[in-house]
Amino acid sequence: MYDAIVIGGGPAGLQAALTLGRMHRSTLLLDSGHYRNGTVQHMHNVIANDGTPPAEFRAAARAQLAEYADVEIRDVEARSVGGVEGDVVVALPGGESASARAVILATGMADDLPPIDGLSELWGVKAFACPFCDGHEHAGRPIAILGGAARAEHLISLLGRIVGEITVVPVDEPLTDEEIASLEARGARVSSAVVDSVARVGDDVVVRTADAEHTVAGIFVASGSMRQQAPFAHQLGLGMLDSGAIEIDEFGRTSVPGVFAAGDLAHRASLPGPMAAVMIAATAGQIAAVGVIQSLIAAEH
């Protein structure tokens with residue numbers, strides 16, 4: 001039996017495994033190979049790694065983890081999580097299983113993009129969601145925001161001082177005259193028709209509607225939703241928040257003893273939603289690992 005099983009090989013899971021390994025706690029890290037930023041070419045807003053490809057970041061982290069005898073990494077996808085505190089059982093492919101005294105869920109969220117022709121092919125390459133991660137790369141260049149007025153206004157407030165011309169293109173239905181006037185007052189152009197498709201043309205993106213084509217440097221999506229990447233929260237009956245994330249306390253504890261969560265799949269109730277950032281995810285992984293160590297020590301004494 002391991003002291004802890006960490007499910008997820010992104011920044012949260014990697015940092016959790018490192019923290020546990022440094023404290024000489026036997027740890028199994030399970031990595032399915034599925035990452036929310038799997039299509040992203042370069043990470044940004046990550047000190048000492050700004051502009052680093054995510055795959056290189058993960059490879060460097062795994063090379064460092066290899067120096068810790070107490071950390072084992074397996075490139076397999078966990079199938080289910082069950083058991084009780086002190087004996088959490090994770091089902092693996094081929095009928096195998098692994099057990100641990102605690103588990104950290106770090107499988108992240110998945111993005112459900114609006115059904116726009118060509119958008120999935122551009123996701124993480126020319127289409128983005130986070131101004132903190134990808135806004136600077138569009139400095140002084142025209143962009144399009146796809147989505148409704150409220151979320152578009154929020155993105156404009158963040159991106160307006162960075163990018164060039166902003167064109168807002170609705171997704172589901174045309175915007176009202178009042179919404180258009182509000183967006184135009186913020187300096188944006190507004191399409192009268194909804195988006196039909198998006199496509200990369202050279203280094204640009206063409207956003208097509210029924211009556212126009214808008215050529216921009218990149219797209220920011222103010223529509224769509226996110227969900228849990230893995231089924232474990234449902235399987236375990238964890239307490240959830242309206243954001244779709246797992247509710248945790250200050251040390252990553254969930255509503256089920258022995259189960260911790262870290263990364264953008266979880267947040268505290270005092271926050272409006274998860275923050276999808278590499279540094280924040282890694283910090284959450286470290287904090288959850290500390291929470292696990294606290295629980296192990298309490299059980300041992």
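Here the structure is a predicted model, which is why all the values come from computation and not from measurement. (Residues numbered from 1 in each chain as written. Predicted model: local features only at pLDDT ≥ 70, side-chain atom pairs only at ≥ 80, totals over all residues. Heavy atoms only, no water.)

A. Main features of the pattern of salt bridges. If you walk through the whole model with that rule in mind, you get 17 salt bridges. In this structure, R227 and D112 form a salt bridge, with 2.9 Å as the shortest nitrogen-oxygen distance. Taken together, the residues R227 in strand β16 (residues 225–228) and D112 in strand β7 (residues 109–112) connect sequence positions 115 residues apart. Where D204 meets R141, a salt bridge forms, and the shortest distance between an N and an O atom there is 3.9 Å. Here D204 is found in strand β13 (residues 204–209), whereas its partner R141 is found in the loop between α4 (131–134) and β9 (143–147), with 63 residues between them in sequence. A relative accessible area of 29% places D204 in the partly exposed class. Taking relative accessible area as the criterion, R141 reaches 29% and is therefore assigned partly exposed. Salt bridges sharing partners connect three or more residues here, namely K126, R141, R200, D203 and D204. (Salt bridge = Lys/Arg side-chain N within 4 Å of Asp/Glu carboxyl O. Helix = DSSP H or I, 4+ residues; strand = E, 2+ residues; numbered from the N terminus. Buried < 20%, exposed > 50% of the residue type's maximum accessible area, 1.4 Å probe, protein only.)

B. Region of interest: the sheet that holds strand β15 (residues 218–222). The sheet built from five strands is open, its strands ordered β8-β15-β9-β10-β11 with parallel pairing. Each end of this open sheet is capped by a strand with a single partner; those strands are β8 (127–128) and β11 (189–190). Pairing of β9 with strand β10 (residues 166–169), which is carried by four bridges, proceeds in the parallel orientation. Following the sheet pairing, I143 is matched in β10 by I166. Docked against the sheet, helix α5 (residues 149–159) engages β9, β10 and β15, running at close to 130 degrees with respect to β15. (Pairing = 2+ DSSP bridges. Contact = heavy atoms within 4.5 Å. Axes fitted to C-alpha atoms, helices over the stretch in contact; angles between N-to-C directions.)

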